[in-house]
Amino acid sequence: MCWVFPDRESSRTSAKWNASFWSTYVDVARELGLSWDRTTPESVTVDALDLRSPKVYIDGERVTPEDTLFVTSPYTLPYQMADAFNQFTLYSVLEQAGFYLPHPTSFAVIGNDKLATLLYFKDSPVPPIPTVRITAGRDLLFDDYVPTIADLPYPAFVKPAGWMASRGINQARDSHDVRGLLSLAQGGDTTLVFQPDLGRRTVDFRVYVVDGRPHTTMVRTTGEGAIFPQYSTGGAAHYTDMPEELADAVAYCAERLPVPYFCADFLHDGERYWLSEIEPDGGIFCPDAGDPVIVKTQRDLVAARFEAYRAGHARMLGGAR
């Protein structure tokens, strides 16, 4: 099992992600009898002089569709953008070379843009949250975006359309804030999405879906002084039972995205649920490493995810799993 991930982390960030989930992934994979390697996009090279029998190498070592599956999604935080195009194209090359990829290339772009995701799941029984999408490009000074925000309710929730880990989230109280945030985003041609602010009572439910069925649910609540529910901003996170109101929406998402594993995020504003986003490569972290029951829940979920990948790989090869 080879995880294609751009090697752009600082030593501090790398240590953080290792403690959060990478080291757990390695341990659980080993317990399942799987090898687990993380590699960079540029480490994968392909000899396709014979187009009917391409040879794929990782750091010079030959791998084949029979012995290796690749896990990859587009990672597009600002410091990863140098790798973004190679990620997308390598994704497609590996698929065309016959390798099993649990996250399909057809969903790569859809899953990387928050509005594209919500449009793809627009018929969800739990409605997707209304969204405005604006790219802060070179012609921003002409204010051509103004008609787009004519009906935007304030305060509005603002975040980059393609970043992960809840980076870049802000609040716009009026059109002047919109202008200011777009001007800042212009420095990196960043696309922003604007959504209704659901209020400080908002709770985030993440449903981990394995083989089309809800496996584990995590709820995240807002931290002191924060404007959104996220563990990284002081919020609390814990495992819980999936609310029954989400069952039909999860089944709908699984039908629209028939993959071994994904995360479906739903927001509850105190009165109703909203579909927030879908992550095919949602990280599985442990909200309390000191509680053995919670640690076991995390590890059981990781194991189920990897078993689903292995079963999908076996099916691709014509096996019965």
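Cut-offs applied
- Residues numbered from 1 in each chain as written.
- Predicted model: local features only at pLDDT ≥ 70, side-chain atom pairs only at ≥ 80, totals over all residues.
- Heavy atoms only, no water.
- Buried < 20%, exposed > 50% of the residue type's maximum accessible area, 1.4 Å probe, protein only.
- Helix = DSSP H or I, 4+ residues; strand = E, 2+ residues; numbered from the N terminus.
- Pairing = 2+ DSSP bridges.
- Axes fitted to C-alpha atoms, helices over the stretch in contact; angles between N-to-C directions.
- 1 Å grid on protein atoms, 1.4 Å probe; cavity = no way out; pocket = protein on both sides within 12 Å on 5 of 7 lines; lining within 4 Å.
- Points joined across faces, edges and corners; volume = space filled by probe spheres on them.
- Nonpolar A, V, L, I, M, F, W, Y, C, P; charged D, E, K, R; others polar.
- Left-handed = near helix turned anticlockwise from the far one by under 90°.
- Contact = heavy atoms within 4.5 Å.
- Phe/Tyr/Trp six-rings, centres within 6.5 Å; stacked < 30°, edge-to-face > 60°.
- Salt bridge = Lys/Arg side-chain N within 4 Å of Asp/Glu carboxyl O.

Visitor: An account of the pairing of strand β7 (residues 132-135) is needed here, citing residue identities and associated values.
Guide: What you see with β7 is a clean split: Val132 and Ile134 sit on the buried side and Arg133 and Thr135 on the side with no burial. Relative to strand β10 (residues 191-196), β7 runs antiparallel, the two being bridged by four bridges. Across the sheet, residue threonine 135 finds its bridge partner in β10, namely threonine 191.

Visitor: Describe in detail the sheet that holds strand β11 (residues 203-210), supporting the description with residues and values.
Guide: What links the strands of a sheet is backbone hydrogen bonding, and the strands pair in either a parallel or an antiparallel sense. Pairing is antiparallel across the open sheet formed by five strands, whose spatial order is β13-β12-β11-β14-β15. Two strands lie at the open edges of the sheet, namely β13 (236-240) and β15 (273-279), each paired on one side alone. Between one strand axis and the next, the sheet turns through 25° on average, direction left out of account.

Visitor: How would you explain the layout of surface pockets if you had to name every residue and give the values?
Guide: In this structure, the second largest pocket spans a volume of roughly 360 Å³. The wall of the second largest pocket is formed by 14 residues, among which Met81, Asn112, Gly162, Trp163 and Thr191 lie closest to the centre. The residue inventory of the lining of the second largest pocket, partitioned by class, reads five nonpolar, six polar and three charged.

Visitor: Now, about the packing of helix α1 (residues 11-31) against helix α7 (residues 292-316): what can you tell me, with residues and values included?
Guide: Contact geometry for α1 and α7: axes closest at 10 Å, N-to-C directions at 60°. In the crossing of α1 with α7, the sense of the turn from one axis to the other is right-handed. Counting all contacts with α1, which are made through Ser20, Thr24, Tyr25, Asp27, Val28, Ala29 and Glu31, the residues of α7 involved are Gln298, Arg299, Val302, Ala303, Arg305 and Phe306. Split into classes, the residues belonging to the contact of α1 with α7 amount to six nonpolar, three polar and four charged.

Visitor: Can you tell me about the packing of aromatic side chains, naming the residues and giving the values?
Guide: Tallied over the entire structure, the rule returns 19 aromatic pairs. Plain terms: the ring middles of tryptophan 22 and tryptophan 36 are 5.5 Å apart, the flat faces sit at 50° to each other, and that makes the pair tilted. Within this pair, whereas tryptophan 22 is found in helix α1, its partner tryptophan 36 is found in the loop between α1 and β2 (37-39), the two being separated by 14 residues in sequence. Comparing tryptophan 22 with tryptophan 36 shows no difference in burial state: the two are buried. Grouping aromatic residues by their ring pairs yields a cluster made of Trp3, Phe5, Trp17, Phe21, Trp22, Tyr25, Trp36, Tyr75, Phe306 and Tyr309.

Visitor: Break down the pattern of salt bridges for me, citing the residues and quoting the values.
Guide: According to the stated counting rule, one finds 13 salt bridges in the structure shown. One salt bridge in this structure joins glutamate 279 and arginine 206, with 3.0 Å as the shortest N-O distance. Separated by 73 residues along the polypeptide, glutamate 279 in strand β15 and arginine 206 in strand β11 bring together distant segments of the chain. For glutamate 279, a relative accessible area of 22% translates into the label partly exposed.

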